[in-house]
Amino acid sequence: MPNVGIVISNYNGWQDTVQCLESLQKQTYRDFEIILLDDASTNDSVQQLQKHLTENTVFLPQEANVGFAAANNVGMRRALADGCDWVLLLNNDTVAAPDFLETLLRETPAGAVSCPKMLFLDPPDEIWFAGGELDRATGKVRHLGGHEKDGPAFAEKKQVSFITFCCVLLPRQVIEQVGFLDETLFMYCEDVDYCIRLTDAGVPLWFLPDARIWHKAGGSAGGMLSVYYITRNTLYLTCKGKSRGYIRARTLPVLIAGAARYALTKLLGRKKGRSYGAFRGALDFWRGRMGRME
């Protein structure tokens, strides 16, 4: 039985995924399996990825586009069923240092969740994520070190309040305790929700800078779609468990602001973009519409 199950979800990005897979095959730590999912890509990703499968890769093409959270849940469940002690969720648009997995496993404290230092693929010496901070009241997160040059300031192991699920190492017992990702969100903010649940369960989150990956960033979505899901899902998270009155009061200002920005965009004759995403995200949450954007 492999010790680590590495879960990777692909959607129309097979070129990035191949780069990621190649970096994993160069790892100094070898006791792992790769659980590769294709989330019903609309291009030739399935055919292309089949050319790059190795003996330690389980390929699970999905018949329907179920979203990041659900696709990763499929992979997590497969890893646990295969007897893995650890599950690593990894974005497909990343490249890992050869000692990345070995370092992460060696330095992760018992019972903790951890992440590596994440740098931009270009430029490769610029920080994308060096730990994060989460404001539970607003659901907003801050990437520490974002766009700064790597250096001694980002070399300290430390506990953090947020880990992006671009790359996160989860012990089996933590998944069994906290559960799986919230599929209601479809994509974006599932890591915010999970970090809140980890904290509530008393699970520490660690940033371990000696382990490194490089992230292309923005490979899965962007622009209007990103704003739509982040707007809607942030409202969902900050309103979870609250009264109907609170939900209305929290959502209405976001909806009005989004509508105003979108109206201005239309008045100026511009195409639908980020302003429309913010408006639609708030509107769909107001209407109770979650899951995939229709």
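Below is a short write-up of the structure. Treat the numbers as computed from the prediction; the structure is a model and nothing was measured. (Residues numbered from 1 in each chain as written. Predicted model: local features only at pLDDT ≥ 70, side-chain atom pairs only at ≥ 80, totals over all residues. Heavy atoms only, no water.)

A short note on the pattern of salt bridges
Right, on to step 1. In total, this model carries 14 salt bridges according to the counting rule given.
Right, on to step 2. The residue Asp 150 makes a salt bridge to Lys 117 at a minimum N-O spacing of 2.8 Å. Note that Asp 150 is positioned in the loop between strand 9 (140-143) and strand 10 (158-160) and Lys 117 in strand 6 (residues 113-120), a separation of 33 residues in sequence.
Right, on to step 3. Classification of Asp 150 as partly exposed rests on a relative accessible area of 32%.
Right, on to step 4. Using a relative accessible area of 5% as the deciding quantity, one classes Lys 117 as buried.
Right, on to step 5. With a closest N to O distance of 3.1 Å, Asp 284 and Arg 280 form a salt bridge. Within this pair, Asp 284 and its partner Arg 280 are both found in helix 9 (residues 274-287), separated by four residues, close to a single helical turn. Accessibility classification places Asp 284 together with Arg 280 in one group, the buried group. (Salt bridge = Lys/Arg side-chain N within 4 Å of Asp/Glu carboxyl O. Helix = DSSP H or I, 4+ residues; strand = E, 2+ residues; numbered from the N terminus. Buried < 20%, exposed > 50% of the residue type's maximum accessible area, 1.4 Å probe, protein only.)

Remarks on the pairing of strand 11 (residues 167-171)
Right, on to step 1. Most of strand 11 sits out of view: five of its five residues are buried.
Right, on to step 2. Taking every second residue as pointing to the same face, both faces of strand 11 are buried, with Cys 167, Leu 169 and Pro 171 on one and Val 168 and Leu 170 on the other.
Right, on to step 3. Taken together, the five bridges between strand 4 (residues 86-90) and strand 11 define a ladder with antiparallel strand orientation. Of the residues in strand 11, the one forming a bridge with Trp 86 is Pro 171. (Pairing = 2+ DSSP bridges.)

Some thoughts on the nonpolar core
It is characteristic of soluble globular proteins that their nonpolar side chains tend to be buried jointly.
Right, on to step 1. Counting residues in hydrophobic clusters, the biggest one holds 88 residues, and the most contacted among them are Ile 6, Ile 8, Leu 88, Leu 89, Leu 90 and Phe 100.
Right, on to step 2. Excluding residues within four positions of it along the chain, Phe 100 makes contact with Gln 27, Leu 88, Pro 116, Cys 167, Ala 211, Arg 212 and Ile 213. (Core = buried A, V, L, I, M, F, W, Y, C linked by side-chain atoms within 4.5 Å. Contact = heavy atoms within 4.5 Å.)

Some points on the packing of aromatic side chains
Right, on to step 1. Taken as a whole, this structure holds seven aromatic pairs when the rule is applied.
Right, on to step 2. Consider the rings of Tyr 262 and Tyr 276, whose centres lie 5.0 Å apart with planes at 55°: the pair is tilted. Taken as a pair, Tyr 262 in helix 8 (residues 244-267) and Tyr 276 in helix 9 lie far apart in primary sequence, 14 residues in all. For the pair formed by Tyr 262 and Tyr 276, the shared burial category is buried.
Right, on to step 3. Both rings, one in Tyr 262 and one in Phe 279, keep their centres 5.6 Å apart while their planes meet at 15°; by these two values the pair is stacked. Taken together, the positions of Tyr 262 in helix 8 and Phe 279 in helix 9 put the pair 17 residues apart, joining distant regions of the chain. (Phe/Tyr/Trp six-rings, centres within 6.5 Å; stacked < 30°, edge-to-face > 60°.)

Everything listed here is a matter of coordinates, which is why it stays silent on function.
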